[in-house]
Amino acid sequence: MFGNLSDRLVETFKNLRTKGKLSAADIDATLREIRRALLEADVALDVVKNFINAVRDRALGDEVNKALNPAQQVVQIVNDELVAILGGQQRKLTFAKTGPTVIMLAGLQGSGKTTLAGKLAKWLKDQGQTPVLVAADLQRPNAVNQLQVVGERAGVEVFAPEPGNGKGDPVKVSKEAIKFAQKKQFSVVIVDTAGRLGIDEELMSQARDIRKAVDPDEVLFVIDSMIGQDAVNVAKAFEDGVGITGVVLTKLDGDARGGAALSVSSVTGKPIIFASTGEGLDAFEPFYPDRMARRILDMGDILTLIEQAQKQFDEVEAAKMAEKIAKNEFTLEDFLEQMQQLKKMGSMKDLLAKLPGAGQMKNQLENFDEKEVDRTEAIIRSMTPGERHQPKVLNGSRRLRIAKGSGTTVTEVNSLVNRFEQAAKMMKTVAKGGMPQLGGQMPGMPNIGGGYVAGSKSKKNDKKKKGSKSGNPAKRAAENLGVTPTQGGSGSAFGL
Amino acid sequence: MGFLFWKKKDKETPATAVEVVAELNSEPEPGIVVETSVSLADIESEPEPQPIVEPEKVEVSLPKRTFAKGIKSLFTRVKFDPENLDELEDVLIQADFGVDASEQIVVEVKARAKKSGASTEAELKAVLTDLITENLTRDDQELNLSSGQLPYVVLVVGVNGVGKTTTIGKLAKYLSEAGSKVVIAAADTFRAAAVEQIATWAERSGATLVRPKSEGQDPASVAFEGTEVAIAQNADVLIIDTAGRLQNKVDLMNELDKIRRVVEKNCVIAEVLLVIDATTGQNGMVQAKAFAEVAKVTGVALTKLDGTAKGGIVYAIQRELGIPVKLVGVGEGIADFAFFEASEFARGLVS
Ligand SMILES: Nc1nc2c(ncn2[C@@H]2O[C@H](COP(=O)(O)OP(=O)(O)O)[C@@H](O)[C@H]2O)c(=O)[nH]1
Ligand SMILES: [Mg+2]
């Protein structure tokens, strides 16, 4: 067969070792493989097409990343975009301001709603909430019993006035459940509903009626991560038919690549809030877009190499910078260069967090506007070399000239100079205490290869990690660098 | 559709160690008359001396069940374009046939069309229908219930929530109606209320249920007890329900192997049915490979074809792994199933 995406990209880029601007041909060759990988991961075809077009546009427009070769750069863009779609809307559960918070679960048959209901209840209870489970699946044989057992295991009350197996009206039960919860002062009501097909008009209208009856704060669409191309139809049907506020992806402890996550996010624009990862009541966690992106692409090893290459590049740059700071040579030009580099690297927050001591800057970073970098560039370009090296000389008239030259205001110039001085001061302080750390593991690196990576894959990664660690430091550094072609490693075959 | 069936002449041979579903609080659904349900009275009645008879070949013929209502055309969203066969690849991909199979089918359709000169929509659709039919037709598509080695043991396996229990309920009902005596072993001792669920189906279908004595009991022991009861009762078919398991969980997969080995102490396993949900994407192939290896799957039951999903992954499963699709589920009702027929599937898809 064709192997995974990593193998195929290696094949595609066997002869490509040049670095430089991304050519349309490089991009297309990479994207063809990525298209196939996404389809094999069950991302819906239309979603794949749109996605590939978006990546192509961005790749053609992107500046060249000095740390990566073209293929790597495309892959990195793909990964960034995947994370953006999967996590762009990420958010936490919404709670009601007054009265009980109502969470309604909806989805296809067998998607894992009842099990999830128990997990959600347990999780909420552990957080000090007082949840009640509502047995409104009166369709499937013994769904009511199942919820009762699950509730008992979770130590949570179950409201089940009807026996089910076709008996009782789920709308009525749901309505009564709210009254029950209000009276008994439960803080969260979780309504488990019957599985239904998107095209089953009767059952969809029943779901709407349940929704009307309970006026939920959240309608969570529960979807099996093994689902294929139909995910888009189903998601659309539930979005149009019931209206959903969030998504839960189940059975992620399996080895399905879970492309449905991307399909559903793209089609509904609704955030994936939780991941269900096993049959136990605690196998439940918030959804991590970065892990999911990795899983869908199934190329953790290449992404790790990319990260290492980038990180090593950053470390070298950071070390240079630190030296300058220590020698008091840190100038506005360096400042600009640093900002540009950070912008290029995509995720400002993650990468800035890698700089020693940047933790304190976190709040400021949250508000970081990438256009700011452009303005900063304009301002600094309007300075004379002398001014750039000696910001102290910047008096009022110089500042006015610079503002005019860069199409900004004096206030903006002032603010930049202030920020520069602060940064220089901060970095100097940090450099004194933080220097020894530079060569080691950077703090704030995203946790990779986490819970979403299937067994065999993580074993592979473990082996790789162990392999790297056992070598001498110089060899390890070279390995990490990934930029220097080494013989035999998976990196070199890829033309890194 | 009819199929050959070995049956013993005498039917009711009482057993001793049966747990009966009668204690359950659930009642049969209105409208379904449970006629053949085994009651305690039946079981405790005096055993007749067991005559030793040679099995006699009996053909059971039943009304043909169509699953036409279950399968929806590939061309509801995208119209078939005879001018642009490449688009067909996209359509097949969207039906979960997978990239490789879709490419292959289009290549083959083009080749055949070139040879036969087919060019109109109708002609090309006929080419496609024939191709899918041919590639999915096998002579071992029917349930293997004719070897003569009673009881026919059907082991049902698959990942969580695909419809194993429901399929068993439907199959048990069908076989009971055909005059067979069916025993069901509730070997899903793991999922909450799974035993109650299969008990409801046993009751609806008139099958005898062998249930675990305690919660979380070793499923293999329940399966084994199932064989004992089926033999003692002279049952025709023993169906074993198992807990859903993801194929990447080694311990759970080994448990299936154990169930197999234990059952084989007493019986020959006639069928191992892997239940695949029609919504399943490319992971279906991974599932099929893993279950085939551990549980020696002999057939696929494709469920939930009443939805919008087409279940295209079974094409690749059957073609690549040689595992035929045998049953189809088209709803949650007890009668919502059919035997798979390649031409019906192909015609439904291409229509
Ligand atoms: N629409 C539809 N639903 C089905 C079909 N087969 C099973 N189901 C539903 O799928 C869900 C899971 O079925 P179940 O038999 O419990 O699956 P198991 O976990 O594999 O035993 C239940 O809600 C069933 O009613 C089918 O053919 N069509
Ligand atoms: Mg079951």
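Because the structure is predicted, anything quoted here is derived from the model rather than measured.

(A) Layout of unusual backbone geometry. Residue Pro151 of chain B is bonded to the preceding Leu150 of chain B through a cis peptide linkage, with omega at -10 degrees. You can see Pro151 of chain B is positioned in the loop between helix 4 (121-136) and strand 3 (152-157). With phi around 40 degrees, Asp215 of chain A is a residue other than glycine that occupies positive phi space. Non-glycine residue Ala193 of chain B carries a positive phi angle of around 60 degrees. Within the secondary structure layout, Ala193 of chain B lies in the loop between strand 4 (182-187) and helix 6 (194-205). Since its relative accessible area comes to 8%, Ala193 of chain B is described here as buried.

(B) Spatial organisation of the interface of chain A and chain B. On the side of chain B, 43 residues touch chain A, which itself brings 40 residues to the contact. When the buried area of chain A at its contact with chain B is split by residue, Met226, Asp255 and Glu279 of chain A rank highest and sum to 16% of it. In this structure, the connection of chain A to chain B is made through five salt bridges. Along the contact surface separating chain A from chain B lie 20 residue pairs in polar contact (both at pLDDT 80 or more). When residues of the side of chain A that touches chain B are traced back to their parent elements, those giving at least two are helix 2 (24-40), helix 3 (45-61), helix 6 (143-154) and helix 9 (231-241) of chain A. Considered class by class, the residues forming the side of chain A that touches chain B number 14 nonpolar, 12 polar and 14 charged.

(C) Structural context of helix 4 of chain B. Residue and element names in this part refer to chain B. Between its terminal C-alpha atoms helix 4 stretches 22 Å, which fits the 22 Å expected from 16 residues at 1.5 Å a residue. Of all the residues in helix 4, the buried ones are Leu124, Lys125, Val127, Leu128, Thr129, Leu131, Ile132, Thr133, Asn135 and Leu136. Tucked inside the fold, the buried residues of helix 4 contact helix 2 (86-94), helix 3 (99-116), helix 10 (313-321) and helix 11 (342-350).

(D) Looking closely at the sheet that holds strand 7 (residues 272-276) of chain A. Residues and elements named next belong to chain A. In space, the eight strands of this open sheet follow the order 3-2-4-1-5-6-7-8, with mixed pairing throughout. This sheet does not close on itself; its edge strands, each paired only once, are strand 3 (157-159) and strand 8 (284-286). When the angles between neighbouring strand axes are averaged without regard to direction, this sheet yields 25 degrees. As paired elements, strand 2 (residues 131-136) and strand 3 share three bridges and run parallel to each other.

Conventions used here
Residues numbered from 1 in each chain as written. Chains lettered and ligands numbered in written order. Predicted model: local features only at pLDDT ≥ 70, side-chain atom pairs only at ≥ 80, totals over all residues. Heavy atoms only, no water. Helix = DSSP H or I, 4+ residues; strand = E, 2+ residues; numbered from the N terminus. Buried < 20%, exposed > 50% of the residue type's maximum accessible area, 1.4 Å probe, protein only. Contact = heavy atoms within 4.5 Å. Buried area = accessible area lost by both parts, 1.4 Å probe. Salt bridge = Lys/Arg side-chain N within 4 Å of Asp/Glu carboxyl O. Polar contact = N/O pair within 3.5 Å; in protein donor to acceptor, adjacent residues only side chain to side chain. Nonpolar A, V, L, I, M, F, W, Y, C, P; charged D, E, K, R; others polar. Expected span 1.5 Å × (residues − 1). Pairing = 2+ DSSP bridges. Axes fitted to C-alpha atoms, helices over the stretch in contact; angles between N-to-C directions.

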